[in-house]
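This is what each chain is made of:
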Amino acid sequence: MKDIEKLKKVMFDAADEASNLHMEYFEKDIAISRKQNYSDLVTEVDKKAETKIAELIYSSFPDHNILGEEGDYRKKESDYLWIVDPIDGTVNYTHSIPIFCVSIGLEYKGELIIGIVQSAATGEKFYAEKGKGAFLNGKQIKVSNIEYLKDSLLVTGFPYGAKDNSDHCIDHFVNFLKLGLPIRRLGSAALDICWLACGRFEAFWEVNLNAWDVAAGCLILTEAGGRVTNFKGEPYSIYGKQILASNGKSLHKEMMDVLSTAYLND
Ligand code: IPD
Ligand code: CA
Ligand code: CA
């Protein structure tokens, strides 16, 4: 593997450059367009930030591949894949809500080795390196010690096609609500997972996310001692369509049990 310090520096620089762009245009009048789904927005800042990140990566590592939300630059054979969400939380961003971030994960031979999630508006930088722990602004973080669902604060998100109840996403939400549990919806999957990693939440679930939403966050969570699976408790892939992430305590199985009920009549 290449020099990890050089990879880290490029990742940190790219996240800083994206964060500078986020703050330069935050609360300003910016060009916004819609993707296939009416609520799925992309702004000029998403595009500018992704272009800047790709430029920085290519200037140091021209032989690497990049998978970005706004552009798939994968053209060559490479052991390295940078997975980039230039703004996670774009809808929040366009409404001047300070819950958004840039998320960059790096895979080497298919395994995540480093990841960063940087929230410019709150000044929080989450970072992890495989086998070396997870950090928030340089301080090591750990998941919470809460054991059971009854004591938990949950967080979730909805896919842009939620109105069609895609993969029972509405049913899952209702099933957790019916248990009387507190649930939050931040609007940024990457931050949902990082806030779980640093002990603010106990569990997170969502359907139909993409690799760029979760790549960095999942490494940060597992390095903070958390657990990530699909809804059946099977090994998780960032290219899969269901994510159940938790602090890894008994409540992970309790979450699986609740999530399974939506499929009973299928
Ligand atoms: C979205 C956010 C949101 C999640 C959506 C994602 P975007 O990403 O992570 O929390 O619920 O499913 O698509 O569009 O802001 O990059
Ligand atoms: Ca995203
Ligand atoms: Ca995005």
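Caption draft 1: Spotlight on the packing of aromatic side chains. Inspection of the entire model under this criterion finds nine aromatic pairs. For the pair Phe26 and Phe100, a centre-to-centre distance of 5.1 Å together with 50° between the ring planes defines the contact as tilted. In this pair, Phe26 sits in the loop between helix 1 (4–25) and strand 1 (32–34) while Phe100 sits in the loop between helix 3 (90–94) and strand 5 (101–108), placing the two residues 74 residues apart along the sequence. Judged on exposure class, the residue Phe26 and its partner Phe100 are both buried. Taking the centre distance of 6.1 Å and the plane angle of 25° together, the rings of Phe61 and Trp82 count as stacked. A residue pair is termed long-range when its members are at least 10 positions apart, and Phe61 in the loop between helix 2 (44–60) and strand 3 (65–68) and Trp82 in strand 4 (residues 80–88) qualify at 21 residues. Of the residues examined, Phe61 reaches a relative accessible area of 1% and is grouped as buried. Taking the relative accessible area as the measure of exposure, Trp82 reaches 0% and is therefore buried.

Caption draft 2: Summary view of the packing of helix 4 (residues 169–178) against helix 7 (residues 251–261). Where helix 4 meets helix 7, the axes come as close as 8 Å, and the angle between the chain directions of the two elements is 125°. One finds that helix 4 runs oblique with respect to helix 7. Every pair of crossing elements has a handedness; the one defined by helix 4 and helix 7 is right-handed. Judged by residue contacts, His172, Asn175 and Phe176 of helix 4 engage Met255, Val258, Leu259 and Thr261 from helix 7. When the residues that make up the contact of helix 4 with helix 7 are grouped by side-chain class, the tally is four nonpolar, three polar and no charged.

Parameters and conventions
- Residues numbered from 1 in each chain as written.
- Chains lettered and ligands numbered in written order.
- Predicted model: local features only at pLDDT ≥ 70, side-chain atom pairs only at ≥ 80, totals over all residues.
- Heavy atoms only, no water.
- Phe/Tyr/Trp six-rings, centres within 6.5 Å; stacked < 30°, edge-to-face > 60°.
- Helix = DSSP H or I, 4+ residues; strand = E, 2+ residues; numbered from the N terminus.
- Buried < 20%, exposed > 50% of the residue type's maximum accessible area, 1.4 Å probe, protein only.
- Axes fitted to C-alpha atoms, helices over the stretch in contact; angles between N-to-C directions.
- Parallel < 35°, antiparallel > 145°, perpendicular 65-115°, else oblique.
- Left-handed = near helix turned anticlockwise from the far one by under 90°.
- Contact = heavy atoms within 4.5 Å.
- Nonpolar A, V, L, I, M, F, W, Y, C, P; charged D, E, K, R; others polar.

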